[in-house]
Structure formats: structure tokens, C-alpha cells
Amino acid sequence: MVKYDFCPKCGKSVDQKDGVVKCPNCHHAIYLHSAITGSVFVINDKKVMLSKRKFDPYKGAWDVPGGFLKFGEDPEVGAMRELYEETGVDVKITKLLGVYMDKYPFQDEVIPTLNCIFIGTIGNQTPEPADDVEEIKWFDLDKPLPKIPFPAISKALEDLARIK
């Protein structure tokens, strides 16, 4: 978690507790928050498209295409952008599957994440691995799905299999 020692406004020492940084000198406050992600489960004929991670954390593991949103970015727009960056295809979002909390190992810390996961379709476009994706594969939702290293994504995949 981000640690502040000094106030960015006046430079004095600050207190940090329960995700709030407060300056006792100038009363400036910073509210820390979870990192927000946008992801899309692309569906085609009872199959879901998953991507194999090219880099750590969890290099070589299956995951949903997606990633961190830019500052102020709408989650649906960010999920579509991430899918395009990772697969080269445009997605039509059909539904918000859900919002899930998780943790992401990042550098020397673990950060909380708020994951906005959508369902979408890509028509007859052919996805190709790009950006931080090593491989793309379609998995049958009626058969056992691969192990996903992120608990929130695993839960979302279970939710998806139940509704499809």
C-alpha cells in the first residue's frame, strides 16, 4: 500500500490510518483507494476466450483479457481498450458480469483491486496475442476451466459458467 510520510501540500509529517492520509498542520487529506481494472469475458457459442499471461505476476497462467484503467477512464471503455491492446479486436460489451475485489502483486507490495468484469462478443474477428498476452485460447464453459491465479477472476468465471 502507498505510504506517505510528508504532506504534498505543506511538507509536514502526516498521519496515515485506514486508507486516509491527513496532515495535522494544514488539514490536507488524501483518500487512498483500490486500483480499478476493466476486463471482458468474450463469449462465442458457449465458449470463453482466455489469455495466457506473458509476464509476471503469474507468467504462463490463464487470465481474462483486461487491465488497469487510466485515471478517470470509464470501466467499460477501459475494458474495451485493454481487450483491443491485448488481442487486436474490438469488442461489443453486452453486460456487466459483476464487480469483484482482489489483490495484485505489484513490485514490492500487494495492492487491492476493484475489478469491473464485463461480458462481450467480437463477431468474426480473429484475436491475436499482443501486448502482454502470450497465447489466446477458447474454453468450453460446460467443461472444467483452467485454474486462474486471481481469486476474483476465478469467482467471476464461475459466475459466468452458471449464467451461460
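Calculation criteria
Residues numbered from 1 in each chain as written. Predicted model: local features only at pLDDT ≥ 70, side-chain atom pairs only at ≥ 80, totals over all residues. Heavy atoms only, no water. Salt bridge = Lys/Arg side-chain N within 4 Å of Asp/Glu carboxyl O. Buried < 20%, exposed > 50% of the residue type's maximum accessible area, 1.4 Å probe, protein only. Core = buried A, V, L, I, M, F, W, Y, C linked by side-chain atoms within 4.5 Å. Helix = DSSP H or I, 4+ residues; strand = E, 2+ residues; numbered from the N terminus. Contact = heavy atoms within 4.5 Å. Expected span 1.5 Å × (residues − 1). Arc of directions from axis to C-beta. Pairing = 2+ DSSP bridges. Axes fitted to C-alpha atoms, helices over the stretch in contact; angles between N-to-C directions. Disulfide = S-S within 2.5 Å. Phe/Tyr/Trp six-rings, centres within 6.5 Å; stacked < 30°, edge-to-face > 60°.

Chemist: Would you take a moment to explain the pattern of salt bridges for this structure?
Modeler: Opposite charge on two side chains permits them to pair, given that their charged atoms come into close proximity. If you walk through the whole model with that rule in mind, you get nine salt bridges. With a shortest N-O distance of 3.4 Å, Asp-5 and Lys-3 are connected by a salt bridge. The partner of Glu-73 in a salt bridge is Arg-81, with the nearest N and O atoms 2.8 Å apart. Side by side, Glu-73 and Arg-81 carry an identical accessibility label, which is buried. Salt bridges linked by common partners bring Glu-73, Arg-81, Glu-82 and Glu-85 together as one network.

Chemist: Help me out: how do you make sense of the nonpolar core in this one?
Modeler: Nonpolar side chains tend to gather and get buried jointly when the protein is soluble and globular. Of all hydrophobic cores here, the largest spans 21 residues; its most connected members are Phe-41, Val-48, Leu-50, Leu-97 and Leu-160. Among the elements that make up this core, the one with the highest residue count is helix α2 (residues 151-163) (five residues). Among residues more than four places away in sequence, those in contact with Leu-97 are Phe-41, Ile-117, Phe-118, Ile-119, Ala-156, Asp-159, Leu-160 and Ile-163. One finds Val-42, Met-49, Leu-83 and Val-133 within the second-largest nonpolar core, a separate group that totals 13 residues.

Chemist: What's the story with α2 in this structure? I'm lost.
Modeler: Each turn of an α-helix holds 3.6 residues, which means side chains three or four residues apart point in the same direction. With 13 residues, α2 should reach 18 Å at 1.5 Å per residue; the first-to-last C-alpha distance of 19 Å fits that figure. Burial in α2 covers these residues: Ala-152, Ile-153, Ala-156, Leu-157, Asp-159 and Leu-160. Taken down its axis, α2 places every buried residue within 160° of arc, on the same side. Exposed and oriented more than 90 degrees from the buried face of α2 are Pro-151 and Arg-162. On its buried side, α2 packs onto β4 (35-44), β5 (47-53), β6 (62-63), β8 (92-106) and β9 (109-121).

Chemist: For this particular structure, what's the right way to read the sheet that holds strand β1 (residues 15-17)?
Modeler: Reading across the sheet, the three strands line up as β1-β2-β3 and stay open at both edges, with antiparallel pairing between neighbours. Two strands in the sheet have a free side with no partner beyond their single neighbour: β1 and β3 (29-31). The mean angle between the axes of side-by-side strands here comes to 15°, regardless of whether they run parallel or antiparallel.

Chemist: I would appreciate a short explanation of the state of the cysteines in the present structure.
Modeler: Per the counting criterion, the structure on display carries zero disulfides. The thiol of Cys-10 is unpaired, and the distance to the nearest cysteine sulfur, on Cys-23, comes to 3.5 Å. Under the relative-accessibility criterion, Cys-10 is labelled partly exposed at 32%. The cysteine Cys-26 is free of any disulfide, with Cys-7 supplying the nearest cysteine sulfur at 3.7 Å. By relative accessible area, Cys-26 is classed as partly exposed at 28%.

Chemist: Please clarify how the packing of aromatic side chains should be interpreted in this entry.
Modeler: By convention here, two paired aromatic rings are described through the distance between centres and the angle between planes. Going through the model one piece at a time under the given rule, you end up with four aromatic pairs. Where Tyr-58 meets Phe-150, the ring centres are 5.0 Å apart and the plane angle is 90°; that geometry is what we call edge-to-face. Residue Tyr-58 is located in the loop between β5 and β6, and its partner Phe-150 is located in the loop between β10 (133-140) and α2; the two are separated by 92 residues in the primary sequence. Take Tyr-58: its relative accessible area is 35%, and that puts it in the partly exposed class. Ring centres of Trp-62 and Phe-139 lie 5.1 Å apart, and the angle between their planes is 80°; this geometry places the pair in the edge-to-face category. In this pair, Trp-62 is assigned in strand β6 and Phe-139 in strand β10, connecting sequence segments 77 residues apart. For the pair shown, Trp-62 and Phe-139 are each scored as buried.

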